[in-house]
Amino acid sequence: MGESYHRGRFVDDADAQVSIRSKAVNYGLGCFGGIRAYWNEACEELFVFRLDDHIERLYESAHILGLTPPVDRATATAAVLELLRRNGARSDHYVRPLIFVDSDELSPTLTDVPIGLSLYCQPLGKYFADESLHACVSSWRRVSDNAIPARAKPTGAYLNSALARAEARRNGFDEAIFLTGDGSVSEGSAAHLFLVRRGELISPPSTEDNLDGITRRSLIELARSEPLSWTVSERRISRTELYVADEVFLCGTAAELTPVTRIDHRGVGSGRVGERTTALGERFRAVARGHDDAWHHWLSPVWNPR
Ligand code: PMP
């Protein structure tokens, strides 16, 4: 049994609890993050990927919901590193920070209520079982930023993700692709989407009702930088572009970079994992695991803090 951070201190996992009366359970009032840490065998070090950016997004999510976290960003950042140390993390791990309305009173309110911050972690290998996915365009539309802020990571919004994912699984697909209410491509159920067409890497911007994504931003930067130096554009994508793309992949903290080789029973490009997907995936894995000194500023070491 490991430890979690709950209500201002580290406790046994079993003691990190909320009541069935909790507003967070009943109404999904809160927001969260998802952070990966990669074990580097050669350095005997665990590197947290873009920790500061994840904490910044978490605090931006809270700000969008109008919630004031109980501690400042520096305290939350330090708590993530301490959590991994307390859990003896010497393998790839996932950290889940959660800011939530910590009240058991009846009404769904975001004001004048205590706000909690909790953190837990677990070992995490690959998120998708298969090397490449068969995705469908969901009949569920992505929640609009004006209904439940899609740019943020509100807990309640994951009903939208879960509905799309459940429909996809029940229909025999691996994953769902959301369209926005207007019918353009938004993102996967918990991952962003890129496609390659005529040599260009294309991804819908975060104004398309998708999360302000850290992996997406990282991949755009890596793709534009040497040695790849590719052309990347962020623009609206229509559904049928998915069917004529040369390559499609999903990306996210948990999903990492996962190729999509079939969409709605149509092969994508050659029907096999494409060259660009493979090359960018290799680049990303090398950088995230600390094999490229030029990108060490994205990494926070857990065991020998700088
Ligand atoms: N979209 C959604 C809805 C997600 O939940 C996630 C996972 N955080 C992503 C995209 C990927 O974002 P990131 O790269 O920041 O993990």
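From a predicted model like this one, the values you see are computed outputs, not experimental measurements.

K.L.:
Would you mind showing me how to read the pattern of salt bridges here?
P.N.:
Oppositely charged side chains can pair when the atoms bearing their charge come close. One pass over the full model with this rule turns up 15 salt bridges. Here R7 makes a salt bridge to D102, at a shortest N to O gap of 2.7 Å. Highlighted residues: R7 in the loop between β1 (3-6) and β2 (9-12) and D102 in the loop between β6 (93-101) and β7 (115-123), separated in sequence by 95 residues. For R7, a relative accessible area of 47% gives the class partly exposed. Linking E187 and R142 is a salt bridge whose minimum nitrogen-to-oxygen distance equals 2.8 Å. Pair noted here: E187 is in strand β10 (residues 185-188) and R142 is in the loop between β8 (133-141) and α4 (158-170), with a separation of 45 residues, a long-range link. When sorted by exposure, E187 lands in the same class as R142, which is buried.

K.L.:
What exactly am I supposed to notice about the packing of aromatic side chains here?
P.N.:
Counted according to the given criterion, the structure contains seven aromatic pairs. Taking 5.8 Å as the distance between ring centres and 90° as the angle between the ring planes, the aromatic pair formed by F49 and W298 counts as edge-to-face. In this pair, F49 sits in strand β5 (residues 45-49) while W298 sits in the loop between α7 (275-288) and β17 (299-301), placing the two residues 249 residues apart along the sequence. We classify F49 as buried; its relative accessible area is 4%. On the accessibility criterion, W298 (6% relative accessible area) is buried.

K.L.:
Hey, could you run me through the site of the ligand in this one?
P.N.:
In the neighbourhood of the ligand, 15 residues make up the surrounding shell, with R57, Y158, E187, T215 and T253 lying closest. Taking K153, its side chain carries an N or O atom lying 2.9 Å from a nitrogen atom of the ligand. Between the ligand and the protein, one listed contact pairs an oxygen atom with a side-chain N or O atom of T253 at 2.6 Å. Protein coverage of the free-state accessible area of the ligand, which is 390 Å², stands at 97%. Class assignment of the residues belonging to the shell around the ligand gives a composition of five nonpolar, six polar and four charged.

K.L.:
Is there a simple way to think about the domain arrangement of the protein in this case?
P.N.:
Interface extent is often summarised as the accessible area lost during association of the parts. On domain assignment, one finds that the protein holds domain 1 (3-123) and domain 2 (133-288). If you average the C-alpha positions of domain 1 and of domain 2, the two centres end up 25 Å apart. Listed by partner, the interface residues are 22 residues for domain 1 and 20 residues for domain 2. When domain 1 packs against domain 2, close to 1,800 Å² is buried across both sides, 62% of that on carbon and sulfur atoms. Three residues stand out in domain 1 for area buried against domain 2, namely F32, F49 and R57, and they jointly supply 34% of the buried area on that side.

K.L.:
Help me understand helix α3 (residues 73-86), please; the structure alone is not making it clear to me.
P.N.:
Since the α-helix packs 3.6 residues into each turn, any two residues three or four apart lie on the same face. With 14 residues, α3 should reach 20 Å at 1.5 Å per residue; the first-to-last C-alpha distance of 20 Å fits that figure. Of the residues one or two after α3, G88 is the one with positive phi, at around 60°.

K.L.:
Help me understand the environment of W295, please; the structure alone is not making it clear to me.
P.N.:
You can see W295 is positioned in the loop between α7 and β17. With relative accessibility at 9%, the residue W295 sits in the buried group. On a C-alpha basis, the gap between W295 and L159 in space is 35 Å, while along the polypeptide they are 136 residues apart. Beyond its immediate sequence surroundings of up to four residues, W295 is in contact with E221, L222, S225, R283 and V287.

K.L.:
Teacher, can you tell me more about unusual backbone geometry here?
P.N.:
The omega torsion across E226 and P227 is 5°, close enough to zero to call that bond cis. Positive phi is not limited to glycine here, since H265 has a value of about 70°. Along the chain, the position of H265 falls in the loop between β15 (256-263) and β16 (266-267).

K.L.:
Hey, could you run me through the packing of helix α5 (residues 214-224) against α7 in this one?
P.N.:
The axes of two packed helices give the description: the angle between them and the distance between them. Here α5 crosses α7 at 110°, and the two axes come no closer than 10 Å. Relative to α7, the element α5 is oriented roughly perpendicular. Contacts between α5 and α7 involve T215, L219, L222 and A223 on the former and, on the latter, L280, R283, F284 and V287. In the contact of α5 with α7, the residues fall into six nonpolar, one polar and one charged.

K.L.:
When you look at the environment of P114 in this model, what are you seeing that I'm missing?
P.N.:
By the element assignment, P114 lies in the loop between β6 and β7. Note: C-alpha distance between P114 and R86 (28 residues apart in sequence) is 27 Å. Discounting chain neighbours no more than four positions away, the residues touching P114 are F100, V101, D102 and S103.

K.L.:
Looking at this structure, how should I read the packing of helix α2 (residues 51-65) against α3?
P.N.:
Two elements in contact, α2 and α3, have axes separated by 10 Å at closest approach and are oriented at 130°. On the basis of their axis angle, the class for α2 and α3 is oblique. As α2 packs across α3, the resulting crossing turns out to be right-handed. Seen from α2, the contacting residues are L51, D52, I55, E56 and Y59; seen from α3, they are R73, A76, T77, V80 and L81. By residue class, the composition of the contact of α2 with α3 is six nonpolar, one polar and three charged.

Parameters at a glance
- Residues numbered from 1 in each chain as written.
- Predicted model: local features only at pLDDT ≥ 70, side-chain atom pairs only at ≥ 80, totals over all residues.
- Heavy atoms only, no water.
- Salt bridge = Lys/Arg side-chain N within 4 Å of Asp/Glu carboxyl O.
- Helix = DSSP H or I, 4+ residues; strand = E, 2+ residues; numbered from the N terminus.
- Buried < 20%, exposed > 50% of the residue type's maximum accessible area, 1.4 Å probe, protein only.
- Phe/Tyr/Trp six-rings, centres within 6.5 Å; stacked < 30°, edge-to-face > 60°.
- Near = heavy atom within 4 Å.
- Polar contact = N/O pair within 3.5 Å; in protein donor to acceptor, adjacent residues only side chain to side chain.
- Areas by Shrake-Rupley, 256 points an atom, 1.4 Å probe, with all protein chains shown as cover.
- Nonpolar A, V, L, I, M, F, W, Y, C, P; charged D, E, K, R; others polar.
- Domains from an automatic or database assignment.
- Contact = heavy atoms within 4.5 Å.
- Buried area = accessible area lost by both parts, 1.4 Å probe.
- Expected span 1.5 Å × (residues − 1).
- Axes fitted to C-alpha atoms, helices over the stretch in contact; angles between N-to-C directions.
- Parallel < 35°, antiparallel > 145°, perpendicular 65-115°, else oblique.
- Left-handed = near helix turned anticlockwise from the far one by under 90°.

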